[in-house]
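# Chains, contacts and geometry: an overview
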Amino acid sequence: DRSLGSVELAAADYVRQDESGHYAVYDSKKVLAERLRLGARGAPKGVLNFTCSFFPALDVLDPEDEEKEAASDTPRASLDTAKRPGHTPNSSVGSGGNVKAGSLGTITPLRINGVSGTNSELDLKKQLSANEHEQQETNGELSKEVPKIRITADELSEYQSGLIVFELIDGDMAHTNCHVELIMDDMLFPSYTSAKVRTKTCTFNEVGDAMVRELDFSRITLRLTHETDKKGEGTETNVVAKLT
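What you are looking at is a predicted structure, and each value in this text was computed from that prediction instead of being measured. Per chain, residues are indexed from 1 in the order of the written sequence. In keeping with the model being predicted, local features are shown solely for residues with a pLDDT of at least 70 and side-chain atom pairs are shown and tallied solely at 80 or more, while totals for entire chains, interfaces and linings include all residues. Only hydrogens and water are set aside; all other atoms, that is, all heavy atoms of the structure, feed into the side-chain values.

### Quick look at the pattern of salt bridges
The term salt bridge refers to a pairing of a side-chain nitrogen on Lys or Arg with a carboxyl oxygen on Asp or Glu at a separation within 4 Å. All told, the structure shown has four salt bridges when counted by the stated rule. Lysine 29 is the salt-bridge partner of aspartate 27, the closest N and O atoms lying 3.7 Å from each other. Note on classification: 1.4 Å probe, protein chains only; a residue is buried when its accessible area is under 20% of the maximum for its type, exposed when over 50%, partly exposed between these limits. Classification of aspartate 27 by relative accessible area gives partly exposed; the value is 36%. Taking the relative accessible area as the measure of exposure, lysine 29 reaches 54% and is therefore exposed.

Set out below in structure tokens:
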């Protein structure tokens, strides 16, 4: 019930991209031996023998990507119009005026509650905007554009391992002051823990993910847990309900 230490691995030693931009599988099965330590200067508590492999996830095109592609035409047209030479973005400045969107990279002095931005603040905003644009260009040069894979809902069942993404929307609870936890298979610790539920009717709007090891046999367990603190000696978890 107590940690003997940890071993740190550099992800860069195992994660590689091939010439096409796809991530490559690293599965050399090389046996490694590292000492378990608690902290940088702690005495070793034993030696851990292990192998390390990397299996990349497929870059699958999800429904949200398809919706963005379909809806991207209209915003692009408006942005191109805003950047045309001689076009002046409309803005309403003053009390009670609604501010309309201008072109990208344009800093328009606004008056909010009778206070306008100073020259130094506007200069700072311009510099931040320029730095962000430069960063986007740099990231675009370093990363290769890899086409996403289209997999239908029926074809997903052919893959045994992967990530499952879930959303907690709302719920009617039998208990308050508890957390909703998601446990995968026989894992000791939850893959996701929600914010504390303080009322019996709760709206979450939380998104999380978990690793599915083997689709045919994996099980998801949802449980409600209370945190009970005994004399300030630590936090214990009390499971009040669960569903697998």
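### Points about the pairing of strand E6 (residues 179-184)
Two faces belong to every sheet, and in a regular strand the side chains alternate between them. Per the convention used, a helix needs a DSSP run of H or I reaching at least four residues, while a strand needs a run of E reaching at least two, with both numbered from the N terminus. Counting buried positions along E6 yields six of six residues, so the element is predominantly enclosed. Residue alternation in E6 divides its side chains into two sets, His179, Glu181 and Ile183 and Val180, Leu182 and Met184, and both sets are buried. Being paired, for any two strands, means DSSP has found at least two bridges between them. Looking at chain direction, E6 and strand E7 (residues 192-193) are connected through two bridges and run antiparallel. Pairing of leucine 182 across the sheet is with tyrosine 192, part of E7.

### A look at a nonpolar patch on the surface
Here a patch means residues that are over 30% exposed by relative accessible area and free of salt bridges, tied together within 9 Å if like-charged and within 5 Å if nonpolar (Val, Leu, Ile, Met, Phe, Trp, Tyr). Residue burial considers only the protein chains on display, and all accessible areas are found by Shrake-Rupley using a 1.4 Å probe. The grouping of Ile164, Ile220, Leu222 and Leu243 at the surface amounts to a nonpolar patch, some 320 Å² of accessible area in total. On the secondary structure map, leucine 222 appears in strand E9 (residues 220-229). Looking at leucine 222, the relative accessible area reads 36%, which means it is partly exposed.

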